[in-house]
Amino acid sequence: YARAAQDFIPEDPLNPTLLGFMWNDFTLFAGEPGFALDPGRAFVYGKRASEYLMARTRSATNGVQAVIRGHQQASAMTPMMRRLVASGGVFRHWQEKDSESVADGNPAELAKVIDNSPTRGIPQGSVWTLNISPDTAYGEACGFDFDSFAIITTAPAFSDWRLRVVDIPVAF
């Protein structure tokens with residue numbers, strides 16, 4: 001991981017095409033490879049690579065503790081889109097009860113194994129993906145009938161930070 005990330009300095013937003021950490025994709029399941037290259041697209045960061053990069057930013061007083069990002073998704077019910085629906089629009093990657101064996105599970109069943117509570121702790125080293133807008137081609141194609149956002153409550157200790165999911169029903 002260190003060699004691939006060492007001295008990475010993009011020249012502009014489109015060059016090189018393999019942009020840094022936040023512009024790439026993240027795996028869904030803890031058991032997937034820690035770091036891979038999706039040719040012609042981007043790097044794919046797994047749990048180990050993500051935790052490694054976040055740990056490298058930390059000092060005694062600051063550093064990246066978690067990644068919370070919005071992301072354009074697919075116009076079909078991919079494993080990621082299923083998890084966004086099941087989690088109320090705010091999905092945490094690499095959850096303990098989630099696995100590749102239920103990658104294509106229906107959202108109602110996935111909601112029984114992944115975190116979809118209104119208020120959630122933010123584990124150190126976690127990566128979160130937020131819902132895309134329901135009125136886009138992606139949201140409409142996947143049947144999103146809600147819009148969501150997250151409110152983060154901070155505290156002196158990162159272990160006490162909380163993420164509150166707010167879902168707004170949408171009528172088309």
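Here is what the cut-offs are and how they apply
- Residues numbered from 1 in each chain as written.
- Predicted model: local features only at pLDDT ≥ 70, side-chain atom pairs only at ≥ 80, totals over all residues.
- Heavy atoms only, no water.
- Helix = DSSP H or I, 4+ residues; strand = E, 2+ residues; numbered from the N terminus.
- Buried < 20%, exposed > 50% of the residue type's maximum accessible area, 1.4 Å probe, protein only.
- Polar contact = N/O pair within 3.5 Å; in protein donor to acceptor, adjacent residues only side chain to side chain.
- Contact = heavy atoms within 4.5 Å.
- Arc of directions from axis to C-beta.
- Patch = residues over 30% accessible without salt bridge, like charges linked within 9 Å, V, L, I, M, F, W, Y side chains within 5 Å.
- Areas by Shrake-Rupley, 256 points an atom, 1.4 Å probe, with all protein chains shown as cover.
- Salt bridge = Lys/Arg side-chain N within 4 Å of Asp/Glu carboxyl O.
- Pairing = 2+ DSSP bridges.
- Axes fitted to C-alpha atoms, helices over the stretch in contact; angles between N-to-C directions.
- Core = buried A, V, L, I, M, F, W, Y, C linked by side-chain atoms within 4.5 Å.

A.B. asks: Would you mind showing me how to read the side chain of Ser126 here?
C.D. replies: For Ser126, the location among the structural elements is in the loop between β6 (119-121) and β7 (127-130). Exposure remark for Ser126: the relative accessible area of 5% places this residue in the buried category. Here Pro123 takes part through its backbone oxygen, which lies 2.7 Å from a polar atom of the side chain of Ser126. With near-sequence residues (within four places) excluded, Ser126 lies in contact with Met54, Gln65, Ala66, Val67, Arg92 and Trp94.

A.B. asks: How do you make sense of helix α2 (residues 47-57) when you look at a structure like this?
C.D. replies: What sets the pattern is the α-helix's 3.6 residues per turn: residues three or four places apart point alike. Ala49, Ser50, Leu53 and Met54 are the residues of α2 that are buried. Buried residues in α2, looked at end-on, bunch into an arc of 130°, giving them a common side. Looking at α2, the residues exposed on the side facing more than 90 degrees away from the buried face are Arg48 and Arg56.

A.B. asks: Quick question: what am I supposed to make of a nonpolar patch on the surface here?
C.D. replies: On the surface, Phe149, Ile151 and Ile168 cluster together to form a nonpolar patch covering roughly 230 Å² of accessible area. Topologically, Ile168 is positioned in strand β9 (residues 162-169). On the basis of relative accessibility, which here comes to 42%, the residue Ile168 falls in the partly exposed class.

A.B. asks: For this particular structure, what's the right way to read the sheet that holds strand β5 (residues 90-92)?
C.D. replies: Two pairing modes exist for strands in a sheet, parallel and antiparallel, and in both the strands are linked by backbone hydrogen bonds. Ordered in space as β4-β7-β5, the three strands form an open sheet in which the pairing is mixed. What marks the edges here is a single partner per strand, and that holds for β4 (67-70) and β5. Direction aside, neighbouring strands of the sheet carry axes that sit 20° apart on average. Note that β5 and β7 share three bridges and pair antiparallel. Each bridged residue has a counterpart across the sheet, and for Arg92 the counterpart in β7 is Trp128. Sitting on the sheet, helix α3 (residues 79-86) is in contact with β5 and β7, with an inclination near 115° to β5.

A.B. asks: Is there a simple way to explain the sheet that holds strand β8 (residues 146-153) in this structure?
C.D. replies: Strand order in the open sheet formed by three strands is β6-β9-β8, and the pairing between neighbours is antiparallel. Here the strands that pair on one side only, and so sit at the sheet edges, are β6 and β8. Across the sheet, the mean angle separating the axes of adjacent strands is 25° when strand polarity is ignored. Pairing of β6 with β9, which is carried by three bridges, proceeds in the antiparallel orientation. When the bridges of β9 are listed, Thr119 appears paired with Arg164.

A.B. asks: Just to check I follow, could you spell out the nonpolar core for this structure?
C.D. replies: What tends to happen in soluble globular proteins is that the nonpolar side chains get buried as a cluster. Among the nonpolar cores identified, the biggest contains twelve residues, and these are Leu28, Phe29, Met80, Met81, Leu84, Ala86, Phe91, Ala103, Leu110, Ile114, Cys142 and Phe144. Of all the elements, α3 adds the most residues to this core, at four residues. Those residues in contact with Ala86 that lie beyond four places of it in its chain are Pro107, Leu110, Ala111, Ile114 and Asn116. Counting nine residues, the second-largest nonpolar core is a separate cluster that includes Phe26, Tyr45, Met54 and Val127.

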